[in-house]
Amino acid sequence: MAGSLEAQEVPGTDGATSPFWSYDSRSLAFFADGWLKRIELPSSTPVPICEIQDTILSHGTRGRDGVILMGEANGETIYSVPAAGGTLSKTLIRNRLNGEARVGWPWFLPDGMRFLYTARLDTGEG
């Protein structure tokens with residue numbers, strides 16, 4: 001029920017991890033069964049966006065233009081994929097020459113176009 005503060009089960013999301021909202025809060029994306037999936041709310045059937053079987057992704061964010069950014073769990077790469085579906089593309093790779101040990105946790109800014117990310121340095125800073 002829209003506007004309710006009570007928790008409700010979202011059918012088709014069994015085994016889902018790391019859910020995140022679309023820019024307009026009308027859909028939810030999540031990782032499950034080796035796929036990134038999207039579900040339109042209030043209720044719909046999950047739609048596969050891309051297979052992530054060999055890539056361990058741990059978090060995501062979706063921008064206004066339908067691009068989804070996801071951080072790799074090992075902190076090496078931030079990937080992108082169209083929310084409508086497609087293949088993963090490397091968007092940002094940690095820069096070892098600048099002392100980056102890990103990159104991750106991309107997050108779109110309120111404009112939905114630009115994003116921030118966390119960079120952990122070899123020195124432990126970041």
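Quick caveat: nothing in here was measured; it's all calculated off a predicted structure.

Here is what the cut-offs are and how they apply
Residues numbered from 1 in each chain as written. Predicted model: local features only at pLDDT ≥ 70, side-chain atom pairs only at ≥ 80, totals over all residues. Heavy atoms only, no water. Pairing = 2+ DSSP bridges. Helix = DSSP H or I, 4+ residues; strand = E, 2+ residues; numbered from the N terminus. Axes fitted to C-alpha atoms, helices over the stretch in contact; angles between N-to-C directions.

**Q** Looking at this structure, I do not really get the sheet that holds strand β8 (residues 89–93). What am I missing?
**A** Strands belonging to one sheet form pairs held by backbone hydrogen bonds; the direction of such a pair is parallel or antiparallel. In space, the four strands of this open sheet follow the order β5-β6-β7-β8, with antiparallel pairing throughout. Both edges of this open sheet fall to β5 (57–62) and β8, since each of them pairs with a single strand only. Taken pair by pair, the neighbouring strands of this sheet meet at an average axis angle of 30 degrees, ignoring direction. Alignment of strand β7 (residues 77–82) against β8, held across four bridges, turns out to be antiparallel. Counterpart to Ile-78 in the pairing with β8 is Leu-92.

**Q** How do you make sense of the pairing of strand β3 (residues 35–40) when you look at a structure like this?
**A** Here is the key point about a regular strand: its side chains alternate between the two faces of the sheet. In this sheet, β3 lies alongside strand β2 (residues 27–32) in antiparallel orientation, the contact comprising six bridges. Across the sheet, the residue bridging to Phe-31 is Leu-36, located in β3. Once β2 ends, the chain turns through two residues before running back antiparallel as β3, passing Asp-33 with a positive phi of about 55 degrees. Bridge count for β3 against strand β4 (residues 47–51) is four bridges, and the pairing is antiparallel. Counted as the bridge partner of Lys-37 is Pro-48 from β4. A loop of six residues connects β3 with β4, the two strands running antiparallel in sequence.

The analysis is restricted to geometry; functional conclusions fall outside its scope.
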